[in-house]
Amino acid sequence: MRYSGFRVIAEALTGHKGWKPVWRDPAPQAEYDYIIVGGGGHGLATAYYLAKEFGQSRIAVLEKGYLGGGNVGRNTTIIRSNYLLDGNEPFYEFSLKLWEGLEQDFNYNAMVSQRGIINLIHTDAQRDAFTRRGNAMRLHGADAELLSREQVRKMYPWLNFDNARFPIKGALMQRRGGTVRHDAVAWGYARGADMRGVDLIQNCEVTGMRIENGRIKGVETTRGYIGAKKVGVAVAGSSSKVMAHAGMRLPIESHVLQAFVSEGLKPLIDGVMTFGAGHFYVSQSDKGGLVFGGDIDGYNSYAQRGNLPVIEDVAEGGMALMPAIGRVRLLRTWGGIMDMSMDGSPFIDKTHIEGLYFNGGWCYGGFKATPASGWCFAHLMAKDEPHKTATAYRLDRFLKGRMIDEKGQGAQPNLH
Amino acid sequence: MSQSHRIPGGQIDRTKTFRFTFDGLPYTGHPGDTLASALLANGVRLMGRSFKYHRPRGPISAGSEEPNALVELRSGGRQEPNTRATVAELFDGLTANSQNRWPSLRFDAMAINDRLNAFFAAGFYYKTFMWPKSFWEKLYEPIIRRAAGLGSVTREEDPDAYDKGFLHCELLVIGAGPAGLMAALTAGRVGRRVILADEDFRMGGRLNAETVAVGGVPGADWAAAVVTELSAMPNVRLLSRTTVIGAFDHGIYGAVERVSDHLPVPPAGKPRQILWRIYTRRAILSGGATERPIAFENNDRPGIMLAGALRAYANRWAVKVGERVAVFTNNDDGLRTATDLQARGVDVVAVIDSREGGEMLSGVRHLRGAQVIDTAGRLGLKAITVRQANGATETIAVDALGVSGGWNPNVNIHSHHRSRPVWDAGIAAFIPGPEGPPGLLVAGAAAGLLSTHAALRSGRDAALAALELTSGPDLPEAEDAPVRITPLWHVSHGKGRAWIDQQNDVTVKDVKLAKQENFTSVEHLKRYTTLGMATDQGKTGNVIGLAIMAELTGRSIPETGTTIYRPPYTPVAMGALAGRSRGKEFKPYRLTPSHHWAREQGAVFVEVGNWLRTQWVPKPGETEWRQSVDREVLATRRSVGICDVTTLGKIDIQGTDAGAFLDRVYANTFSTLPVGKCRYGLMLREDGIVFDDGTTARMGEHEYVMTTTTANAVTVFRHLEFCRQCLWPEMDVQLISTTEAWAQFSVAGPNARKLLEKVVDQDISDAAFPYMGAGNITVCGGLRARLFRISFSGELAYEIAVPTRYGDALLREMLARGAEFDPVVYGTEALGVMRVEKGHVAGGELNGQSTALNMGLGKMVSRKKDSIGMVLSQREGLTDPDGYRLVGVKPVDPNGKLTAGSHFLEKGAAAVAANDGGWLTSKVYSPHLGHDIALGYLKAGDRKIGQRMRAVNLLTGQDTEVEIVSPHFFDPEGERLRG
Amino acid sequence: MIIHHPILGPRDAQEFVYLGDASLIDRPDGMTAGIEEFHEYLYQRTNPAGEHRELWYHEQGDRSWLVVTRNTVTHEITKVELARDVARSRGRSK
């Protein structure tokens, strides 16, 4: 069924009797052409685009828990394409362009809201680095502006300008950056995929892979064996676990990232802001909560929960930047498993096993990538060649020395 | 206004009267009151508005689970949004205002949403506002954002201080109700170190709200006596007004003590709040239980509250919420409310008991098998409609209704490690599961043991188990009533709305819609309807919502499951989590030895990591920074300049294998370096990218001194220790960081030697101390020092180091004794100008993405020995002959301007990524050359020397024709170095 | 978290800096090993959900590198050793 304002009014007047399930709960079939392992944002988007853009059918998404229950359901909802390196920027700009038409495309209001993102500058070296980055963005067709201290002050006069340990000297701004209602992205893709015949199978965990003569045959699951011509894995923090079923080790470590939301507040922050002198970034949701985060805890973890030091570190950054939030209350913390790669950049690639494809290594930046990740993974799976914006996301790039290291931190995942 | 609803008794101090205001109107209360109890005592039930429908709201609880009675407390920089009136302790002069209403609480224009509620069903916004596309950001969303939120935030800085501290104990007891008090007593009496934390300002938990007897005295009196006994024990620390917010790994608990929130302002020298990190091997969660309501039509009117809260207000705070009260219950505990209220002279007009049969209460109209099906009263409850067992309906005029749907153990903290609670059908509630945080036991109502006796017993037993004791105090006598409950989650009647989440306005209908649309997972239910996402995190409503979903889907409640419990237990002020790390105290300052001298001169400082370095030192008459910097550069190159370079990392490396060790950690060779000489060293990461650079000197046969960049001082040392301990443990080599032990100055310029000769005791002539010489010397008649003849500026230059405490003196001495050379002290800007003039790499080039080859230093990576990064530096992607190379850049027109971060484009090339040739890494104005110069990474740059290109900054429109030149702008032959 | 330092006893994890999998001790010899072996050593990870031997550095303490055996699902630490001892036991002392 198609959603619209008229439909909402009509249903309201008739007691909401007509709303249909947003997706079916089909039993798994014996075999599919495509199995996507992972019913998070990237997996659902892959299935959606496989069906819609690449004309494929007989597709299933296998999700061990509930749809959208991975990192798409526990992130800080930011979209942007303010990347530096050639391997990344075209991909994220492609993603941002997909966000810009997404809701009309899948007929679901995911509240894509381009209220702008600013990266604050506190040193001359940061200004140089952001100038390099802003120019790289512009060369790739993205928007970028450099703001002066006074321009920042005009936007947010209550930031700490006058008593700061690290004074604000300006900002790099991307006006097309912003936020999206994260759950709605998962649901919109899920609904769109379901409408196109994709089987979304929840509570179905992959427990093994059947590989014969170097070719994938299907997957063992908690709901039985399911055959497939092609299997794509998009399971974020569980990448190493799932790919181990194929005997593969990955250049990935799983780490915990915490995120935070305050109690609901009347409007304070319009856009997204990152503090350049501490580990803190923030936006305000449409419900009024300040949504913020900082660094990963820094140790390997699958626990989906973190510890106090990072909570304190993030709060310190917040108070250093915004002295007025001392009495704003932190409402909830949460933790997700980040598939931290060795250079901080992701993978969308084939594997040495024919018919087995891998999408992962998104670190803590996978949400903004969701549409392009789905599109490019679907492209790769359908055509067996990478999408033109995702050619650098190869698993062998470390062997070849073609790292995509935005932060210049080297082969240590917890520093990216 | 008088305290019209105050009744006799209670735990308030009537000898003192507090004055306070709510929405500008004056009221009075007493010590011991909360804002909610005081307002109720004054007959005020309406305290807020709900989030979505702006429905009138009064308190439903008497504790921290409150979803409704949220106010803005205080004003100015202390304005606190969303403060729960039910836990805000009253003080004299308190001011509070209602929130999320316009123009007033009684008449709220946004209540139009309530009339339009049919259009605002769960998730309606996902289905509309999509056309036309631009309207979302321009029209719909701004309206939604303006309406969002509850309380408002001040823009002023919070004037109060917050502290943090560590506490250690053998047993942490969380919650000071009967179970917690008994646990603390058991451990305290045998001398164990105990911390007892309770969120309330009065310990005792429900004993303060009940009329039960413990050991033959009123429960509240027993609690007070235990608290008195505990407070006399030196091994017991009582933390009232302290909420344990979370259980973290390895027995670390976070707790927030509200030191001064019950006072108008914090006393001098006291913080507002303290974040405690409590370290303990054992802990007992005795945090009690939270009552839950029953959903029925229009169950959200002010005056309708939890039955336990109704009697808490009567028993503890001496407040009758209404003149005519009814109780609606599905369990025996609700009956207690009727009994207690009646005993206090409150008119209980009916008890509506959903259970069939059973005993009847005497002296009150007890309707069995009955349900409340609707209510009336716009701004407060006026009447309820009751459907009796025989189906007859009756409207009863009441102004207060207590509702009890049973009690949910407060399992939150036990579930903070993601263990799921388990269903206990006996009490119709979730209780802690078998797997909780290691070392955390559960006692009392938190464990689902709801009688006073069971709480006392389990508290004692938990302490015995935790501390491996065999016997504890005798248990005082107390009631041990069984839990008799017949679950009733919602009343099936009519078409109206029955609230589950009163703050977010989630009703039974919304749960049904979620089911209809297949959002049946409990997480989907939460996320789609926003159930439990309000400031109370669903403490009263969540279980009802999932029970209804269970009913709709035919699954059991345990199959349906709960959402995840996350810290903090109740919301925590950001200030408390940040503590003192704010403003200028956000990070510590590291000051250089010359800092005081520089401050005396009016120097301008710059933040470099945590260091504060001299950026330049203006002279009188200099109005623009470039004047000072140009002067410093020219004076150095003309005569002599001094720069404090103490911030560079210094590492002493000693041992018989020190040279061999350096060969492995540096790309180039050091074991061949003669004693008394320095060498430039290039250090790679294992991935072949340049990590750091600096000079290392051989001070003796087995003794080297390494310098690192300022930025990498810590990480290089860490890396060297890794190499030493983990990779080559057999090597005889020892390391120590001496960054803070030595003050170090660069002395550069044609007169550098002459100036140093004024302070150095030894012969430092070119013959005695040649270029790249290094050695231990003395200065000023015997002070030990180190001298290195190295240059970053391209001049004849030295770095001289003395013990840090002599740094200031050495600087003053050099300036005084060398006055004839007119020495200048230069800062980081002049340092940067001279190093770019010389083509030395620094921060902009050492970006963690560049190889030795990129920097034109490829030949330094020796293949004759194994060193960190040597192998992987040979990967094809890092050895591309067309890759980036370091070049010098100058504007073709000397007036042309350059900007670091600009990108290279060929002349006439479009500004697109395909034409991107690289970027300018560092730019300075060279006073020596009289124009801007820059360094940059240019693709195949080594083959483009002499070519003309453009340096383009698309962010400002700057587009400058440049010539690619050697990075060595100044004295390329290095003649001055050797002077 | 709390790490029981073999020399110093229980210390808060905040005093330490984390590096990663303890297999980073097993660096190949650059004079004999090639790019593929170094690639395997530096980049590829087992990344187990469960017991993990990992390197922590006591930066705010005695500068010992430690090998901590910690469960990545529960965060329980079952063993802490001096990395130097582990390195020696793996034959790195030649």
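Remember, predicted model here, so these are calculated numbers, not experimental data.

**Here's the deal with the overall build of chain C**
Along its length, chain C carries two helices and six strands. N-terminal to C-terminal, the α/β element order of chain C is β-β-β-α-β-β-β-α. With respect to the three principal axes, the spread of C-alpha positions in chain C is 40 × 30 × 20 Å. For chain C, with 94 residues in total, the buried portion stands at 38%.

**Some details on the overall build of chain A**
Along its length, chain A carries ten helices and 18 strands. Relative to the compact-globule value of 22 Å for 416 residues, chain A shows a C-alpha radius of gyration of 21 Å, a close match. Projecting the C-alpha coordinates of chain A onto the three principal axes gives extents of approximately 65 × 60 × 40 Å. Scored against the burial criterion, the 416 residues of chain A give a buried share of 69%. Across chain A, the fraction of contacts at a sequence separation of at least 24, relative to all contacts at a separation of at least 6, is 75%.

**Things to note about the sheet that holds strand β16 (residues 329-341) of chain A**
Strand pairs in the sheet, formed through backbone hydrogen bonds, run parallel or antiparallel to each other. Taken together, the nine strands give an open sheet; going across it, the order is β5(A)-β6(A)-β4(A)-β13(A)-β14(A)-β15(A)-β12(A)-β16(A)-β31(B), and neighbouring strands pair in mixed fashion. Each of the sheet's edge strands pairs with one partner strand only, and the pair in question is β5 (145-148) of chain A together with β31 (572-573) of chain B. Judged from the four bridges that link them, β5 of chain A and strand β6 (residues 170-174) of chain A form a sheet pairing that is antiparallel. Counterpart to Glu-145 of chain A in the pairing with β6 of chain A is Met-173 of chain A. Of the strands in this sheet, β12 (252-264), β13 (272-275), β14 (280-284), β15 (289-300) and β16 of chain A touch helix α8 (residues 308-321) of chain A, which is tilted by about 135° from β15 of chain A.

**Observations concerning helix α9 (residues 366-383) of chain A**
Side chains of residues three or four places apart in an α-helix project in the same direction, reflecting 3.6 residues per turn. Residue and element names in this part refer to chain A. Maximal helix bending in α9 amounts to about 45°, located at Ala-372. Among the 18 residues that make up α9, 16 are buried, leaving the element largely enclosed by the rest of the structure. Of the residues one or two after α9, Asp-384 is the one with positive phi, at around 60°.

**Side note on the packing of helix α4 (residues 178-189) of chain B against helix α8 (residues 452-467) of chain B**
All names here are of chain B. The N-to-C vectors of α4 and α8 enclose an angle of 35°; their axes lie 7 Å apart at closest approach. For the pair α4 and α8, the sense of crossing is right-handed. Side by side, α4 and α8 meet where Pro-178, Ala-179, Gly-180, Leu-181, Met-182, Ala-183, Thr-186 and Ala-187 of the first sit next to Thr-452, Ala-455, Leu-456, Ser-458, Gly-459, Arg-460, Ala-462, Ala-463, Leu-464 and Leu-467 of the second. Residues of the contact of α4 with α8, tallied by class, amount to twelve nonpolar, five polar and one charged.

**Some details on the domain arrangement of chain A**
Residues and elements named next belong to chain A. Here chain A is described as being made up of domain 1 (17-81 + 83-108 + 182-251 + 343-415) and domain 2 (117-178 + 254-341). Here the C-alpha centre of domain 2 lies 27 Å away from the C-alpha centre of domain 1. With 32 residues of domain 1 at the contact, the number on the domain 2 side is 31 residues. When residues of the side of domain 1 that touches domain 2 are assigned to their parent elements, the largest contribution, four residues, is made by helix α3 (residues 89-106). Residue composition of the side of domain 1 that touches domain 2, grouped by class: 13 nonpolar, 14 polar and five charged.

**What about the interface of chain C and chain B?**
The interface of chain C with chain B comprises 26 residues on the first partner and 20 residues on the second. Secondary-structure elements contributing two or more residues to the side of chain C that touches chain B are α1 (35-43), β4 (51-57) and α2 (83-89) of chain C. For the side of chain C that touches chain B, the element with the most residues is α2 of chain C, which contributes four residues. Tallied by class, the residues present in the side of chain C that touches chain B amount to 14 nonpolar, four polar and eight charged.

**What to know about helix α3 (residues 135-147) of chain B**
Residues and elements named next belong to chain B. The terminal C-alpha atoms of α3 lie 17 Å apart, and with 13 residues this matches the ideal 18 Å at 1.5 Å per residue to within 8%. When the local axis directions of α3 are compared, the greatest deviation, roughly 40°, occurs at Glu-141, which is followed within four positions by the proline Pro-142. Once α3 finishes, Gly-149 follows within two positions and takes phi at roughly 80°, a positive value.

**Brief notes about the nonpolar core**
Ranked by internal contacts, the top residues of the largest apolar core, which has 465 residues, are Ile-35 and Val-37 of chain A together with Ile-284 and Val-747 of chain B. Counting residues per element, this core draws most heavily on α9 of chain A, at nine residues. With residues near it in sequence (within four places) discarded, Val-37 of chain A still touches Leu-62, Val-206, Val-219, Val-231, Gly-232, Val-233, Ala-234, Val-235 and Val-242 of chain A.

**So, the interface of chain B and chain A**
Interface size is commonly expressed as the accessible area that is lost once the parts come together. With 94 residues of chain B at the contact, the number on the chain A side is 85 residues. For the side of chain B that touches chain A, the leading source of residues is α3 of chain B, giving five residues. Residue composition of the side of chain B that touches chain A, grouped by class: 36 nonpolar, 29 polar and 29 charged. Here two bridges tie β16 of chain A to β31 of chain B, and the two strands are oriented antiparallel to one another. Looking across to β31 of chain B, one finds that Arg-329 of chain A is bridged to Ala-573 of chain B.

**Quick notes on unusual backbone geometry**
Residues and elements named next belong to chain B. Looking along the chain, the bond that leaves Trp-102 and enters Pro-103 is cis, with omega of 0°. With respect to the helices, strands and loops of the structure, Pro-103 is situated in the loop between β7 (94-98) and α2 (112-115). For the bond from Pro-567 to Pro-568, the omega torsion is -5°, close enough to zero to count as cis. In this structure, Pro-568 sits in the loop between α12 (557-560) and β31. At Ala-940, a residue that is not glycine, the phi angle is positive and equals roughly 50°. Its location among the elements puts Ala-940 in the loop between β49 (931-939) and β50 (948-953).

**Digging into the packing of helix α2 (residues 41-52) of chain A against helix α6 (residues 182-195) of chain A**
All names here are of chain A. For the pair α2 and α6, interaxial distance at closest approach is 8 Å and the crossing angle is 30°. Like other packed secondary-structure pairs, α2 and α6 cross with a definite hand, here left-handed. Side by side, α2 and α6 meet where Gly-41, Leu-44, Ala-45, Ala-47, Tyr-48, Ala-51 and Lys-52 of the first sit next to Val-185, Ala-186, Tyr-189, Ala-190, Gly-192 and Ala-193 of the second. Tallied by class, residues from the contact of α2 with α6 come to ten nonpolar, two polar and one charged.

**Observations concerning the sheet that holds β7 of chain B**
Residue and element names in this part refer to chain B. Across the sheet, five strands lie side by side as β2-β1-β7-β5-β6; this open sheet has mixed pairing. Strand pairing shows two members of the sheet lacking a second neighbour, β2 (25-29) and β6 (80-84), which therefore form its edges. Mean inter-strand twist for the sheet, computed between neighbouring axes without regard to direction, equals 40°. As paired strands, strand β1 (residues 18-22) and β7 are joined by three bridges and run parallel to one another. Directly across from Thr-21, in β7, lies its bridge partner Thr-95.

**Brief notes about the pairing of strand β23 (residues 393-397) of chain B**
Sheet faces and side chains relate simply in a regular strand, where the side chains alternate between the two faces. All names here are of chain B. Across five bridges, the pairing between strand β22 (residues 383-387) and β23 is antiparallel. The partner of Ile-384 across the bridge, within β23, is Ile-396. Between the antiparallel neighbours β22 and β23 lie five residues, among them Gly-391 with a positive phi of about 90°.

**Points about the pairing of β7 of chain B**
All names here are of chain B. Side chains Leu-94, Ala-96 and Ser-98 project from β7 onto a buried face, and the interleaved Thr-95 and Asn-97 project onto a face without burial. Inspection of the sheet shows strand β5 (residues 70-73) paired to β7 by three bridges, in the antiparallel sense. Each bridged residue has a counterpart across the sheet, and for Glu-72 the counterpart in β7 is Asn-97.

**Some points on the environment of Glu-15 of chain C**
Residues and elements named next belong to chain C. Tracing the backbone shows Glu-15 in the loop between β2 (9-12) and β3 (17-21). Given 16 C-beta atoms within a 10 Å radius, Glu-15 is considered partly exposed. Once the C-alpha coordinates of Glu-15 and Ile-3 are considered, the two residues, twelve residues apart in sequence, prove to be 9.4 Å apart. If near-sequence neighbours (up to four positions away) are discounted, Glu-15 is found in contact with His-58, Gln-60 and Gly-61.

What counts, and at which threshold
- Residues numbered from 1 in each chain as written.
- Chains lettered and ligands numbered in written order.
- Predicted model: local features only at pLDDT ≥ 70, side-chain atom pairs only at ≥ 80, totals over all residues.
- Helix = DSSP H or I, 4+ residues; strand = E, 2+ residues; numbered from the N terminus.
- Buried ≥ 20, exposed ≤ 12 C-beta atoms within 10 Å, placed from the backbone.
- Rg over C-alpha atoms; globule rule 2.2 N^0.38 Å.
- Contact = placed C-beta atoms within 7 Å.
- Pairing = 2+ DSSP bridges.
- Axes fitted to C-alpha atoms, helices over the stretch in contact; angles between N-to-C directions.
- Bend = angle between axes of the 7 residues up to and from the residue.
- Left-handed = near helix turned anticlockwise from the far one by under 90°.
- Nonpolar A, V, L, I, M, F, W, Y, C, P; charged D, E, K, R; others polar.
- Domains from an automatic or database assignment.
- Expected span 1.5 Å × (residues − 1).
- Core = buried A, V, L, I, M, F, W, Y, C linked by C-beta atoms within 7 Å.

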